Amino acid sequence: METTPNISYLTDIFFGYGTRSTLPALLKKYGIVRPCVITDKGVVKVGIIDSLQLNTAFVFDEVETNPTEKITLAALSFYVQSKCDGIVAVGGGSSIDLAKCVALLVHHPLPLDQYAFLNNGISKITSQFPPLIAIPTTAGSGSEIGRAALLTLSNGSKVAFLSQHLLPKAAICDPELTIGMPAELTAATGMDALSHCIEAFCSSRYNPVADAIALDGLERGFSNIMKATENGNDREARKEMMLCSIQGGLAFQKNLGAVHSLSHPLGALTEKRLHHGTLNAILLPYVLNFNYSYCKEKMIIIAERLKMRDAYKLPYQFALLNQKLGLPVRLREMGLTKNELIPLAKKAKQDHCTPTNPRPLEVEDCKRLYAEAW
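From a predicted model like this one, the values you see are computed outputs, not experimental measurements. (Residues numbered from 1 in each chain as written. Predicted model: local features only at pLDDT ≥ 70, side-chain atom pairs only at ≥ 80, totals over all residues. Heavy atoms only, no water.)

## A word on the packing of aromatic side chains
Under the defined criterion, the tally for this structure stands at two aromatic pairs. Residues Phe60 and Phe78 carry aromatic rings whose centres are separated by 5.8 Å and whose planes lie at 55° to one another, so their mutual orientation is tilted. Here Phe60, found in strand S3 (residues 59-60), pairs with Phe78, found in helix H4 (residues 69-81); they are 18 residues apart in sequence, far enough to count as distant. What makes Phe60 buried here is its relative accessible area of 6%. On the numbers, 5.7 Å between centres and 65° between planes, the contact of Phe222 with Phe318 is edge-to-face. (Phe/Tyr/Trp six-rings, centres within 6.5 Å; stacked < 30°, edge-to-face > 60°. Helix = DSSP H or I, 4+ residues; strand = E, 2+ residues; numbered from the N terminus. Buried < 20%, exposed > 50% of the residue type's maximum accessible area, 1.4 Å probe, protein only.)

Written as structure tokens, this is what we have:
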């Protein structure tokens, strides 16, 4: 019998405007004297790192969209050479996921791929981790309170690392850090959060606690994503979108579904640098349509919570939302060709999110969904 519990929540979350001021106390609590800040150049450029009043001598800012094994090893080398004793991840899901993988490798021997979920890596991941504090600057990934990290290996595979030990010790979720985020990024990361709430709710796993959280997050996100995108300084909308992101992350306990199964192989096309949230937004309507007859009751509940009359129109409503947000509605708008999609169907079928999609997902289904979304 499986020994993984159905329900497990989770880590310390410091939520609300101004909560970044808790960072010094948290560093002291976890004995971090020489923190390694893992982030990207954009976050540094807008002054967020400076505002945290950290020792900037230990800032690694080479993270890019869809982090890779190569960058992870560079960050690990930086951590070791700087004689750091803890990690502060500041940024979106890419920075936080990469920071988790760096934390893993501090006390776990290489190679990295042995710890991947598909390689039965969960049993190899021990509790030997330096303390990690996550500070999201977007409202989307939920990685700050998730037990997973996604990374593209040197062989081109985008894989998941899953373990309760990957959970940050604490997450500082200050909506202030998302104020002024560009509209397109607000929309894309927001749709990422919405897709997490929807897919977690529709997941085949039984966890009514996660269901309730996912539905509440979905309602908050759906009601505020346009407001936050149209007015980046709307403090209430920013707060609600960060809550949506957190709740999507909390609901990860149920795993996800075909939207993520299909988007993960696309994110591994590193030369394309395709934004994960944008991919999820494009794929969501097609997957909702694909899954509809297998989770009709849940679709009806979603429609009711979002004040929609007809549940069967959910795919159309989310396609329309993408248009209103100014996001691409087809994969070809992101520069993808049909030929690039064909070999990805098998990888999508093998993805760790596939088993919990409400409808069985085969390679031919993946091919058809990619073709419909193209």
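Once you've had a look at it, read on.
## Observations concerning the pattern of salt bridges
A side chain with one charge may pair with a side chain of the opposite charge, provided their charged atoms come close. A complete count under the given rule lists 19 salt bridges for this structure. Among the salt bridges present, the one from Glu219 reaches Arg305, with a minimum N-O distance of 3.0 Å. Linking Glu219 in helix H7 (residues 208-230) with Arg305 in helix H11 (residues 296-305), this pair joins segments that are 86 residues apart in sequence. Owing to a relative accessible area of 24%, Glu219 belongs among the partly exposed residues under this scheme. Arg305 gets classed as partly exposed once you look at its relative accessible area, which sits at 29%. Note that Lys367 and Glu364 form a salt bridge whose closest N and O atoms lie 3.4 Å from each other. You can see Lys367 and its partner Glu364 sitting in helix H15 (residues 363-373), three residues apart, about one turn around the helix. (Salt bridge = Lys/Arg side-chain N within 4 Å of Asp/Glu carboxyl O.)

## Notes on the nonpolar core
Inside soluble globular proteins, nonpolar side chains tend to come together where they are buried. Counting residues in hydrophobic clusters, the biggest one holds 70 residues, and the most contacted among them are Met191, Leu266, Ile302, Phe318 and Leu331. Non-local contacts of Met191, meaning those with residues more than four positions away in its chain, are made with Ile225, Gly277, Ala281, Leu284, Phe318, Leu321, Asn322, Leu325 and Leu327. Judged by nonpolar contacts, the second largest core, of 33 residues, contains Cys36, Ile96, Val102 and Leu151. (Core = buried A, V, L, I, M, F, W, Y, C linked by side-chain atoms within 4.5 Å. Contact = heavy atoms within 4.5 Å.)

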